[in-house]
Amino acid sequence: MKIFWVIDTKVTALKGCGLSDDGSAYKFGRTVVPASTEEEAVSALKKHFDQGRIQLEEVISVVAYDEGDWSSDRHLLSKAYKLAKVTNEIRNAAFISERSRDYTERQGLLDD
């Protein structure tokens, strides 16, 4: 049975990657990954990122979608989850650059 995992990551955009670039060293992402186990989900996400020229630097958290409280999520997670359920494929919710994250945290606009 597939579980839909929400994986928060710290990544580096490699040359040729489709992520926007503001000069930040890192980007932080939230992705929905359908998989049977947490380990399978992380492995599948790494392969997905490799294909997209995104280098996985750190897995920050892994939570089953059904077990999380996403009521204050600002990362388009609901849309990514619905698409992942329909397609049974990995779906990125959002990426935010290190600079943008630092700014929004200083402004108190981003919940952790």
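Placed above this text is the structure.
Residues numbered from 1 in each chain as written. Predicted model: local features only at pLDDT ≥ 70, side-chain atom pairs only at ≥ 80, totals over all residues. Heavy atoms only, no water.

## Considerations on helix H1 (residues 38-51)
Alright, step 1. If you check H1, its first and last C-alpha atoms are 20 Å apart, about what 14 residues at 1.5 Å a residue would give, namely 20 Å.
Alright, step 2. Every buried residue belonging to H1 is among Ala41, Leu45 and Phe49, and all of these are buried. One face of H1 carries all of its buried residues, which in axial projection span an arc of 70°. For H1, the exposed residues set more than 90 degrees away from the buried face come down to Glu39, Lys47 and Gln51.
Alright, step 3. Buried-residue contacts for H1 involve strand S1 (3-13), strand S2 (27-35), strand S3 (54-64) and strand S4 (91-97). (Helix = DSSP H or I, 4+ residues; strand = E, 2+ residues; numbered from the N terminus. Expected span 1.5 Å × (residues − 1). Buried < 20%, exposed > 50% of the residue type's maximum accessible area, 1.4 Å probe, protein only. Arc of directions from axis to C-beta. Contact = heavy atoms within 4.5 Å.)

## Points about the sheet that holds S1
Alright, step 1. Spatially, the four strands line up as an open sheet ordered S3-S1-S2-S4, and their pairing is antiparallel. Two strands lie at the open edges of the sheet, namely S3 and S4, each paired on one side alone. Recorded for the sheet is a direction-independent mean angle of 25° between the axes of neighbouring strands.
Alright, step 2. Relative to S4, S2 runs antiparallel, the two being bridged by six bridges. The residue bridging threonine 31 from the neighbouring strand is asparagine 92, located in S4.
Alright, step 3. On top of the sheet, H1 reaches S1, S2, S3 and S4; it is set at about 40° to S1, its chief contact.
Alright, step 4. Packed on one face of the sheet, helix H2 (residues 77-87) meets S1, S2 and S4 and runs near 150° to S4. (Pairing = 2+ DSSP bridges. Axes fitted to C-alpha atoms, helices over the stretch in contact; angles between N-to-C directions.)

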